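Next come the chains, spelled out residue by residue.
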Amino acid sequence: MILLKFTCSITFFLLVSCQSYGSNVPYLLSKDANYYVVPFKHITFLEDSTKALQFEDIQSNDLQAYFTPYKSYYQVDDFEKAWWFKFSLKNISGKFMDWKMYVGFNNIIDLYLEDENGKITHKKGGQYMPSSQRDVVEGRISAFNLKLDPGEAITIYTRIENINHRIPYFEPVVINSRYWNKSLQKRNLNEGLFYGIMLIMVFYNAFIFLSYRDKTYLFYAAYIFNVAFYFFVLKGFTREYIFSENPQLEAYGWQISLGLSPIFYFQFIRTYLNLKELIPHWDKLIKYAVRICIIILVVQIAITYFTFNIQLVGRIAYFILISQAIFSHILLSILVKTKNKLAYYIAAGSLCLWTGGIVGLYFTITAYFLDGLVYGQYGIIAEVLIFSLGLGYK
């Protein structure tokens, strides 16, 4: 009898747990906050190994029974499959809600909104969705418009498919449109200042090169231009204004600009400090390093063209960036020891770049919707200004 009671208690507990976790109980939007992160306990998901399931199939009772609780990012573990997610929202704030919804930085996203009357609204988005088909064009993230009347409940089905070999990432966030628009305005202001400063420096140094034929200014202008274009891609402007209907081309944009930046950086240092006279053996090492960077860039572009394996290309890029940072640190340490006054400008500018990059990485990882890349851009502006002072001193 005791065993029977214990078994019944355990069974009841499991049933309650299953129903309370991932049972698509609506997540309640109760106040006019900046944003809400939808808890996993309100989400269920379905794996589509064939990538052939349509929304009409998903609506069937047979497949609805296969939706399981979404408890961890690690449950989504295969880029070769499509993934369906389901959750519900309800506006209990008593006010009309004009919101945006962010569902993760993924390649191809289909969103199906089902209201209480069974009406279906289909929206598209994602990193590689042409702008003419995206529900929200601005920004690099995958966002959708979401409007809820007071008391209205809605069920949201999301299909995610990645083609760049990266594992899909799903964490829905509902964002107040006022907060969203304010963030975009702040982004545009910051980016306008950044690109304005960078382009002025590009044209100024290009003009000096054309006037005096000193390659130092050519390498410096090329370095600034490639760094600026790299951020232009990262912030989503190439997708908005250049590759709007062919967004996959942006993969080549960031690879080329990121690959060329260190090449022109090292060439700038060689000519600026006349390393052939100052430390000849390091001048030769930099020449070899530049050749290696060119080869790796060609390999990355080939991988992208033939396989579009951005996951692998990204890992190669990160490895190269770390290697270049170590190489630069050793080089700068040696340059400072030479007590060359010009080398102090290079060291100070590089320190600004690294500091901005580290601070930006920290905020990117730890804060929602805080654009950590801005701190990296601050570091770059400081670096460029210090390098320019060094050129003036020279």
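That block above? That's the structure.
Residues numbered from 1 in each chain as written. Predicted model: local features only at pLDDT ≥ 70, side-chain atom pairs only at ≥ 80, totals over all residues. Heavy atoms only, no water.

1. Section: the overall build of the chain
Line of reasoning, step 1. In terms of regular secondary structure, the chain is built from 12 helices and 11 strands.
Line of reasoning, step 2. C-alpha atoms of the chain, sized along the principal axes, occupy 90 × 50 × 40 Å.
Line of reasoning, step 3. Of all 394 residues assigned to the chain, the portion counted as buried reaches 47%.
Line of reasoning, step 4. When the accessible surface of the chain is totalled, it reaches about 20,400 Å², and 64% of it is carbon and sulfur. (Helix = DSSP H or I, 4+ residues; strand = E, 2+ residues; numbered from the N terminus. Buried < 20%, exposed > 50% of the residue type's maximum accessible area, 1.4 Å probe, protein only. Areas by Shrake-Rupley, 256 points an atom, 1.4 Å probe, with all protein chains shown as cover.)

2. A closer look at the side chain of Ser350
Line of reasoning, step 1. With respect to the helices and strands, Ser350 occurs in helix 11 (residues 341-366).
Line of reasoning, step 2. Judged by relative accessible area, which is 1%, Ser350 ranks as buried.
Line of reasoning, step 3. Ignoring sequence-local partners within four residues, the contact set of Ser350 consists of Tyr265, Leu332, Glu383 and Phe387. (Contact = heavy atoms within 4.5 Å.)

3. Notes on the environment of Lys71
Line of reasoning, step 1. Along the polypeptide, Lys71 turns up in the loop between strand 4 (68-69) and strand 5 (82-91).
Line of reasoning, step 2. A relative accessible area of 52% places Lys71 in the exposed class.
Line of reasoning, step 3. Taking the C-alpha atoms as reference points, Lys71 and Pro39, 32 residues apart in sequence, are found 9.3 Å from one another.

4. Observations concerning the sheet that holds strand 2 (residues 35-37)
Line of reasoning, step 1. Read across the sheet, 4 strands follow the order 2-11-6-9 without closing on themselves; strand pairing throughout is antiparallel. The sheet terminates laterally at strand 2 and strand 9 (143-148), the two strands that pair on one side only. Across the sheet, the mean angle separating the axes of adjacent strands is 25° when strand polarity is ignored.
Line of reasoning, step 2. Where strand 6 (residues 97-102) lies against strand 9, 6 bridges are found, and the strand directions are antiparallel. Bridge pairing in strand 9 links Lys100 to Asn145.
Line of reasoning, step 3. The strands touched by helix 4 (residues 177-212) within the sheet are strand 2, strand 6, strand 9 and strand 11 (173-176), with strand 11 carrying the most contacts at an inclination of about 80°. (Pairing = 2+ DSSP bridges. Axes fitted to C-alpha atoms, helices over the stretch in contact; angles between N-to-C directions.)

5. A word on empty space enclosed by the protein
Line of reasoning, step 1. Under the definition given, this model contains 1 cavity of 30 Å³ or more.
Line of reasoning, step 2. The space that makes up the largest cavity amounts to roughly 120 Å³.
Line of reasoning, step 3. In terms of lining residues, the largest cavity is bounded by 13 residues, among which Leu258, Gly259, Gln300, Ile320 and Gln324 are the most central.
Line of reasoning, step 4. When residues of the lining of the largest cavity are traced back to their parent elements, those giving at least two are helix 7 (250-273), helix 9 (280-307) and helix 10 (310-337). (1 Å grid on protein atoms, 1.4 Å probe; cavity = no way out; pocket = protein on both sides within 12 Å on 5 of 7 lines; lining within 4 Å. Points joined across faces, edges and corners; volume = space filled by probe spheres on them.)

6. Quick word on the nonpolar core
Line of reasoning, step 1. Counting residues in each nonpolar core, the largest one holds 54 residues, and the members touching the most others are Trp254, Phe268, Leu273, Leu335 and Ile346.
Line of reasoning, step 2. Contributing elements (two or more residues each) for this core: helix 4, helix 5 (215-234), helix 7, helix 9, helix 10, helix 11 and helix 12 (373-393).
Line of reasoning, step 3. Of the residues forming this core, the biggest block, 11 residues, is contributed by helix 5.
Line of reasoning, step 4. Membership of the second largest hydrophobic core comes to 29 residues, among which are Tyr27, Tyr36, Leu89 and Leu148. (Core = buried A, V, L, I, M, F, W, Y, C linked by side-chain atoms within 4.5 Å.)

7. Quick word on the packing of helix 4 against helix 12
Line of reasoning, step 1. Look at helix 4 against helix 12: their axes get within 11 Å of each other, and the N-to-C directions meet at 25°. It follows from the interaxial angle that helix 4 and helix 12 lie roughly parallel. At the point where helix 4 passes helix 12, the crossing takes the left-handed sense. Mapping the contact onto sequence places Asn190, Glu191, Phe194, Tyr195, Ile197, Met198, Met201 and Asn205 in helix 4 and Val374, Gln377, Tyr378, Ile380, Ile381, Val384, Ser388 and Leu391 in helix 12. (Parallel < 35°, antiparallel > 145°, perpendicular 65-115°, else oblique. Left-handed = near helix turned anticlockwise from the far one by under 90°.)

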